[in-house]
Amino acid sequence: MKKRVQEEKKKGRSISFVPTMGAIHEGHLSLVKRAKSLADIVVASVFVNPAQFSPTEDFENYPRNRSLDIEKFEKEGVDLLFFPPADQLYPKGFSTWIVPEGPARRFEGVARPSHFQGVCTIVAKLFAIVKADYAVFGWKDAQQVVVVKKMAEDLNIPIKIVASPILRDSDGLALSSRNVYLSPEERKRALAFPMALQKIAKMVELGVEERMKSLIKEGKDEIIRAGLEIEYLEGVSLLDLTQVEKVGRMTGIIGAVRSGKVRLLDAIIWE
Ligand code: AMP
């Protein structure tokens, strides 16, 4: 991969990069579309990163389908595909980690304490290999966008992090590789989460309400009424993930909600 990237760079071509964990769906492909609009060459990677799963999470069972992933990426026009083997990225004796603080310590960082250490370490490694000009991430994982942007800034990594909108299924549920874990009943119930977010977005759009406290209360009531369990739902700055009082530029509402055993992440983004 390093050599291929070097060749392209020598030819003066710009590179955009889409890192994923595979089980490719339209959400991932929307990142590829964005990546294509940014640079001459699109690189996509698939690596199910063990370091970002906690021992109780689904690393072993995480959906994997390499041949289908290749087919989907190729159809979307990805130029270079990267499936690094785990022992190349984490060889015996691997002992250096990036431990992000600040925005990484809230929300997902509370529920999954070493998650962002795993994410930042692998993303920094992939950035060092691919040496792209742009990397595209989804707002679906809004905290990840903020944490990765901060890491690139703090560590002077010369790459521009671009965030792309959340893609949804026809019923409104944010596309996710983990949606396959939902039973039909759990999926039906889960829809209350995006519906609540949609209702909030509408209230803001119509100018009915802009105070986060009221919007969040409205959303939480709907979600709880549907029998879902809320881990968090909060109005935050998309620059540093601190709490904000009102909707404004670069703010969002981010949440994690459980339907049965499945954790769903979703957000409303006001860029
Ligand atoms: P994953 O394979 O789940 O690690 O996701 C790889 C990238 O795709 C991350 O930047 C995610 O935020 C992004 N992504 C996943 N689902 C969606 C979606 N429904 N809409 C937009 N981006 C997404």
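Residues numbered from 1 in each chain as written. Predicted model: local features only at pLDDT ≥ 70, side-chain atom pairs only at ≥ 80, totals over all residues. Heavy atoms only, no water.

**Comments concerning the layout of surface pockets**
Just so we agree on the cut-off: Lining residues are defined by having an atom within 4 Å of a point belonging to a cavity or pocket. Those points lie on a 1 Å grid over the protein atoms alone, cavities being sets where a 1.4 Å probe fits but cannot get out and pockets being open sets with protein on both sides within 12 Å along at least five of seven lines. Grid points are joined across faces, edges and corners, and a volume is the space filled by probe spheres set on the points. Comment: elements are numbered from the N terminus, with helices defined as DSSP H or I runs of at least four residues and strands as E runs of at least two. Residues are grouped as follows: Ala, Val, Leu, Ile, Met, Phe, Trp, Tyr, Cys and Pro are nonpolar; Asp, Glu, Lys and Arg are charged; all remaining types, including Gly, are polar.
By volume, the second largest pocket is sized at about 280 Å³. Along the walls of the second largest pocket sit 16 residues, with Ile166, Arg168, Leu197, Ala267 and Ile268 positioned nearest its centre. Secondary structure elements with two or more residues in the lining of the second largest pocket: α9 (192–205) and β8 (262–270). The element contributing the most residues to the lining of the second largest pocket is α9, with five residues. Taken together, the residues that form the lining of the second largest pocket break down as 11 nonpolar, two polar and three charged.

**Regarding the pairing of strand β7 (residues 251–259)**
Heads up, the condition is: Categorising residues by exposure relies on relative accessible area from a 1.4 Å probe, with only protein chains included: less than 20% of the type maximum marks a residue as buried, more than 50% marks it as exposed, and the intermediate range marks it as partly exposed. Pairing between two strands requires that DSSP report at least two bridges joining them.
The buried fraction of β7 is high, at eight of nine residues. Across eight bridges, strand β6 (residues 229–237) lies against β7 in antiparallel orientation. Each bridged residue has a counterpart across the sheet, and for Tyr232 the counterpart in β7 is Ala256. Two strands pair when backbone bridges link them, and β7 and β8 are joined in this way by nine bridges, in the antiparallel orientation. Its bridge partner being in β8, Gly252 is matched across the sheet by Ile269.

**Description of the site of the ligand**
The condition is simple: Whether a residue is near a molecule or strand depends on its heavy atoms: if one lies within 4 Å, it is near. Under this definition, polar contacts are N or O atom pairs within 3.5 Å; protein pairs additionally need one hydrogen-donor-capable and one acceptor-capable atom, and for neighbouring residues in sequence, both atoms have to be side-chain atoms. Residue-level accessible areas treat just the shown protein chains as cover; the underlying method is Shrake-Rupley with a 1.4 Å probe.
Around the ligand there are 17 residues in total, and Met21, Gly138, Asp141, Leu167 and Leu175 lie nearest to it. Interatomic distance of 2.9 Å between a side-chain N/O atom of His28 and an oxygen atom of the ligand. A distance of 2.6 Å separates an oxygen atom of the ligand from a polar side-chain atom of Asp141. Considering the ligand on its own, with 480 Å² of exposed area, one finds that the protein chains cover 92% of that surface. The set of elements that each furnish at least two residues to the shell around the ligand consists of β1 (15–20), α2 (26–38) and β4 (134–138).

**Some thoughts on empty space enclosed by the protein**
In this structure the tally under the stated criterion is one cavity of 30 Å³ or more. Estimated volume of the largest cavity: approximately 30 Å³. Taken together, Lys2, Val5, Gln6, Ile129 and Lys131 form the lining of the largest cavity. Across the lining of the largest cavity, the residue classes break down as two nonpolar, one polar and two charged.

**Looking at the pattern of salt bridges**
What counts is decided by this rule: One speaks of a salt bridge when a side-chain nitrogen belonging to Lys or Arg is within 4 Å of a carboxyl oxygen belonging to Asp or Glu.
For the structure on display, the rule yields 24 salt bridges. A salt bridge links Lys246 to Glu210; the shortest N-O distance between them is 3.7 Å. Taken as a pair, Lys246 in the loop between β6 and β7 and Glu210 in the loop between α9 and α10 (212–225) lie far apart in primary sequence, 36 residues in all. Owing to a relative accessible area of 46%, Lys246 belongs among the partly exposed residues under this scheme. What you see here is one network of salt bridges that share partners, running through Glu57, Glu108, Arg112, Glu231, Arg258 and Arg263.

**Topic: the nonpolar core**
Threshold: The definition of a nonpolar core used throughout is a set of buried Ala, Val, Leu, Ile, Met, Phe, Trp, Tyr and Cys residues joined through side-chain atoms within 4.5 Å. Contacts between residues were defined by any pair of non-hydrogen atoms, one from each residue, lying within 4.5 Å.
Membership of the largest hydrophobic core comes to 48 residues, with the highest contact counts inside it found for Val123, Phe127, Val130, Phe137, Trp139, Ile161 and Ile254. Top element by residues in this core is helix α6 (residues 115–130). It accounts for 10 residues. Excluding residues within four positions of it along the chain, Phe137 makes contact with Pro19, Leu31, Val123, Phe127, Gln144, Val145, Val148, Ile161, Val162, Ala163 and Ser164. Listed in part, the 25 residues of the second largest apolar core include Leu182, Leu191, Leu228 and Ile253.

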